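Chain by chain, the residues:
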Amino acid sequence: MILLFLNKLIMDDRALFIEGNQIFGKIEQLEGQTAWINIKDLGLIKATIEGDIKELIGRDVSFIVKAADKNQVILKVVSEEGPKDSSTVQIKAKEYLHNIMKGFNIRVDDTSTELLHSYLKYNIRIDKENINNGLNILDKLYQVINMDDRDSVIPINPKEAEKPIENQDVRNLLIIREEENTQHQKHSVEVRDSFIREVNKTDSDIIKTIAFFVKYNIKPTLNNIRFFIQLNENWELFSKDYEILKNYFDKEFTNFHKNIIIRNGMFENLNEEVKREYTKWLNEKINSFENRLIHEDEKTTKALKEYIDKIEFLKDMNKDLVFIYLPFNLEKDYDDVIVTLLKKRNKEKRDSQKINIYIDLNTKKFGKLKINCHVTGSYIDLKFINIKEEHVNFFKSKEEELKSLVEVTGYKISSVTYDVDSSVKILDTLIENPNPTYYLNIKV
């Protein structure tokens, strides 16, 4: 039973049992070097422990994972000074990361170091293919960002020339100078200034964004990167086009958007005939909206073009994820609400599903609030973000009432926390290993 449980944990995308990770638990029982350890939110596991642990029974202990497979987990006890076995030397994070890259014969610089650090934080598989994939995307992206007026972007494959540059994989783009562009002039397309402006404003999150794209196999187009940055930075900014079109076309557009969200969530599982019917219906609806636009209304025309591009973004997000984005209005105390759901696409049972739900509330009484719900099985970890300090006590007084309301749905709130910081982003909330511990004992 324990071995099966360990196998499930090892295969779990968010598994704690990855070499070098630090975990915490209480040693419940000991038999030689084999211990039964109670780990919070996971339960009892069986592991081999290195070092003298007789005096640690019944105590909360921190461990470093030395090795793990479906049959065995090997842990080392860690004290405040580091591992008790002094032969394992703790080293600086950069040196640890550099050793990995040297082992893979990958260039060592600030970009590759930060990318690998992000991989560790998001529990992304560390191998040569994944690292090179992320670096290739970043290298091309930085070339685009640093273009000057003499540069143009063209697709490497001429057959892709008719497709908008913003919707093509950045790895398949070529940056050339004007004097080199004579034979390819017809394929040259200007990159919109808005993309460069938005990316330059959030340079610190570009690498984390690309790491996220690598993990979930999201197509790295300029539009997809730009839209995800919007979503990460400001959920309201991402829904700006939706709000413009909703006000222009009224309920017909809101119903259209809900239909898009539902169908995109299931798109990868549809058969080819249904996909063709859906594509036909989608094109007809878009043409209908375009034909009804007043040509002088540049704002709405631009919003519709952006929204069409976002439909492609939603499709790409929904390949390995279930991504649902629903802005809507409520009466009384709420001006508007945005609900975003993000989970890995899999066939896990409810007990092992991990879902991230983000709710953006624009309230009249408490101002703008963000609510993060991390759902694991039947349990919800709830965090209120951008809440004013003077409102925290009021929210705390309503916690039991909230828990009772949620329990009626079959779920339980396991924790409620409050954050007065307004700068928390989606990428921050998706970090699975916030404090990776770096040790020299690695295999590359």
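Here the structure is a predicted model, which means the values were calculated and not measured.

Rules behind the numbers
- Residues numbered from 1 in each chain as written.
- Predicted model: local features only at pLDDT ≥ 70, side-chain atom pairs only at ≥ 80, totals over all residues.
- Heavy atoms only, no water.
- Helix = DSSP H or I, 4+ residues; strand = E, 2+ residues; numbered from the N terminus.
- Contact = heavy atoms within 4.5 Å.
- Buried < 20%, exposed > 50% of the residue type's maximum accessible area, 1.4 Å probe, protein only.
- Pairing = 2+ DSSP bridges.
- Core = buried A, V, L, I, M, F, W, Y, C linked by side-chain atoms within 4.5 Å.
- Salt bridge = Lys/Arg side-chain N within 4 Å of Asp/Glu carboxyl O.

Let's hear about the side chain of S118: which residues, and what values?
Within the secondary structure, S118 sits in helix α3 (residues 110-121). Dropping the residues within four chain positions of it, S118 is found in contact with I207, K208 and A211.

Please provide a residue-by-residue account of the pairing of strand β11 (residues 354-363), values included.
By the criterion of burial, β11 is predominantly enclosed, with 7 of the 10 residues buried. Judged from the 10 bridges that link them, β11 and strand β12 (residues 367-376) form a sheet pairing that is antiparallel. When the sheet's bridge partners are listed, I357 is paired in β12 with C373. Counting the residues between successive antiparallel strands, the hairpin from β11 to β12 contains 3 residues.

Please set out the nonpolar core residue by residue, giving values where relevant.
Y119, I210, F212, F253, F256, I260 and M317 are the most contacted members of the largest nonpolar core, which has 69 residues in total. By size, the runner-up hydrophobic cluster in this structure holds 17 residues, among which are I355, I371, C373 and I387.

Any details on helix α9 (residues 240-249)? Residues and values, ideally.
Listing the buried residues of α9 in full gives D241, Y242, I244, L245, K246 and F249. Two residues or fewer past α9, D250 is found with a positive phi of approximately 65 degrees.

Which residues make up the environment of K425, and what are the values?
With respect to the helices and strands, the residue K425 is situated in the loop between β14 (412-419) and α15 (426-429). With near-sequence residues (within four places) excluded, K425 lies in contact with D205, N232 and E233.

An account of the pattern of salt bridges is needed here, citing residue identities and associated values.
All told, the structure shown has 14 salt bridges when counted by the stated rule. A salt bridge links E243 to K246, with the shortest nitrogen-to-oxygen separation between them at 2.9 Å. With a gap of 3 residues between them, E243 and K246 both fall in helix α9, about one helical turn apart. Residue E243 is classed as partly exposed on the basis of its relative accessible area, which comes to 23%.

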